[in-house]
Amino acid sequence: MKLVTYNIQYGIGLDGQYNLARIADAVRGADVIALQEVTRNNPRNGGRDMVAEISEALPDYFAVYGSNFEANLGSRIENGRAITTTFQLGNMMLSKTPIHLSRNLLLPRSRSFEMMNFQRGALEALVETPLGFIRFYSIHLDHRSPVERTRQIQFLRRRLLNYALEGGALSGVAEIGLPELPHPEAFIATGDFNMLAGSPEYVELAGRPDHEFGMPLTADFAVDAAVRLNLTGDDFATWVDPKQPDNSSRHKRMDYVFTSASLAKSLKRLWVDRQAGGSDHRPVWVELG
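Residues numbered from 1 in each chain as written. Predicted model: local features only at pLDDT ≥ 70, side-chain atom pairs only at ≥ 80, totals over all residues. Heavy atoms only, no water.

(A) Highlighting the packing of aromatic side chains. According to the stated counting rule, one finds 8 aromatic pairs in the structure shown. Taken together, a centroid distance of 5.4 Å and an interplanar angle of 85° make the contact between Phe-69 and Phe-87 edge-to-face. Pair noted here: Phe-69 is in strand 3 (residues 62-72) and Phe-87 is in strand 6 (residues 86-95), with a separation of 18 residues, a long-range link. A ring pair is formed by Phe-193 and Phe-258, whose centres lie 5.2 Å apart and whose planes are at 75°; its orientation type is edge-to-face. (Phe/Tyr/Trp six-rings, centres within 6.5 Å; stacked < 30°, edge-to-face > 60°. Helix = DSSP H or I, 4+ residues; strand = E, 2+ residues; numbered from the N terminus.)

In structure tokens, the structure reads:
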């Protein structure tokens, strides 16, 4: 089973051009696709409906979209009828097999006065795979504050680890004659975390190696797939800004794949598609089996 995560940055590539076809080409073939910065009516890309265009470009995938907010952008009355037009920004998930259940988790945020800050989210999708039912998450954390990222990670970690207790998006449906959906422990949480490996917010989610025993698998932390597969250092950088080639912090890993401890032994390989030029980020692929 292959999964790919990609922050597609409104569909605008390194050349400044909007081109969803090359983005679709970069992710096609994965069993599950997690996308971030998917928008509707965004002034930065000419108001494109990226959700519809992605679905059209990848017609053999089932899809869910979670907008983290809707801001009025030209809603009006035409011929006596109200036309609602809103700017939407969020995450999207696509799967080769049906998505049984999904919900959009809105992450904690605080008001910003000097730099744009907007509602962030984690889109959850329950999918049946050859490894059983797995919860997949497409995540985008705050870009300007490690304190805010820490709060978001703390909230997210509770959702990841307490799924069976909380019941996910839906439970007790026997009351209306429907079969109860499973509440699997297994999850894959992926996306643009805007954090550096080893930072306090990273440790909050993935833990810190012990001085003697390293990082044994435990149920209370997520597993960084790159660390599990011994892919560390600058050779695994996924964030590239050609305009600032000497700014080393821009070359550190920002896009991650985390799994539940129960899936860690199923990890086979992880790689970055460095040829894709659909955005400043690069698609990160993971294979499990």
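(B) Local environment of helix 3 (residues 146-161). For helix 3, spanning 16 residues, the distance from its first C-alpha to its last is 22 Å, which sits close to the expected 22 Å at 1.5 Å a residue. Where helix 3 is concerned, the buried positions are Glu-148, Arg-149, Thr-150, Gln-152, Ile-153, Phe-155, Leu-156, Arg-157, Arg-159 and Leu-160. Buried residues in helix 3 make contact with strand 7 (99-106), strand 8 (121-129), strand 9 (132-140), helix 4 (163-166), strand 10 (187-192) and helix 5 (200-206). Two or three places before Val-147, at the opening of helix 3, Ser-145 has a side-chain oxygen 3.3 Å from that residue's backbone nitrogen. (Expected span 1.5 Å × (residues − 1). Buried < 20%, exposed > 50% of the residue type's maximum accessible area, 1.4 Å probe, protein only. Contact = heavy atoms within 4.5 Å. Polar contact = N/O pair within 3.5 Å; in protein donor to acceptor, adjacent residues only side chain to side chain.)

(C) Helix 2 (residues 50-57), seen in detail. Burial in helix 2 covers these residues: Met-50, Val-51 and Ile-54. Looking straight down helix 2, one finds that the buried residues subtend no more than 100° of arc, so they occupy a single side. The inward-facing, buried residues of helix 2 abut helix 1 (20-27), strand 2 (32-40), strand 3 and strand 6. Backbone nitrogen of Val-51 and a side-chain oxygen of the N-cap are separated by 3.3 Å at the start of helix 2; the cap is Asp-49. (Arc of directions from axis to C-beta.)

(D) Representation of the sheet that holds strand 8. With respect to topology, 6 strands assemble into an open sheet ordered 7-8-9-10-12-11, the strand pairing being mixed. On the outer flanks of this sheet lie strand 7 and strand 11 (223-224), each paired with one strand and no other. Pairing between strand 7 and strand 8: 7 bridges, direction antiparallel. Bridge assignment links Leu-106 to a residue of strand 8, and that residue is Gly-121. (Pairing = 2+ DSSP bridges.)

(E) Structural context of the layout of surface pockets. When its volume is computed, the second largest pocket comes out at roughly 350 Å³. If you go around the second largest pocket, you meet 19 residues; those closest to its centre are Ala-206, Gly-207, Met-215, Ala-222 and Val-227. For the lining of the second largest pocket, the elements supplying multiple residues, two or more each, are helix 5, strand 11 and helix 6 (225-228). The dominant element in the lining of the second largest pocket, judged by the number of residues it contributes, is helix 5, at 3 residues. (1 Å grid on protein atoms, 1.4 Å probe; cavity = no way out; pocket = protein on both sides within 12 Å on 5 of 7 lines; lining within 4 Å. Points joined across faces, edges and corners; volume = space filled by probe spheres on them.)

(F) A look at the side chain of Gln-88. Looking at the element boundaries, Gln-88 is found in strand 6. A polar side-chain atom of Gln-88 sits 3.2 Å from a polar atom in the side chain of Thr-86. If near-sequence neighbours (up to four positions away) are discounted, Gln-88 is found in contact with Val-38, Thr-39, Arg-40, Tyr-65, Ser-67, Phe-69 and Glu-70.

(G) Up close: empty space enclosed by the protein. Counted under the stated rule, the structure contains 1 cavity of 30 Å³ or more. Taken as a whole, the largest cavity spans an internal volume of roughly 40 Å³. Around the largest cavity sit Leu-20, Ile-23, Ala-24, Val-27, Leu-35, Ile-54 and Leu-58, which together line it. If you tally residues by element for the lining of the largest cavity, the top one is helix 1, at 4 residues. The residue inventory of the lining of the largest cavity, partitioned by class, reads 7 nonpolar, no polar and no charged. (Nonpolar A, V, L, I, M, F, W, Y, C, P; charged D, E, K, R; others polar.)

(H) Layout of the sheet that holds strand 3. Sheet architecture is open: 6 strands sit in the order 3-6-2-1-14-13, paired in mixed fashion. In this open sheet, the two strands that pair with only one neighbour each are strand 3 and strand 13 (267-272). Direction aside, neighbouring strands of the sheet carry axes that sit 15° apart on average. Both strand 2 and strand 6 contribute to a ladder of 7 bridges, which runs antiparallel. Within the sheet, the bridge partner assigned to Val-38 lies in strand 6 and is Gly-90. Contacting strand 1 (2-7), strand 2 and strand 14 (284-288), helix 1 crosses the sheet at an angle of about 150° to strand 1. Helix 2 rests against strand 2, strand 3 and strand 6 of the sheet, and its axis sits at about 145° to strand 2. (Axes fitted to C-alpha atoms, helices over the stretch in contact; angles between N-to-C directions.)

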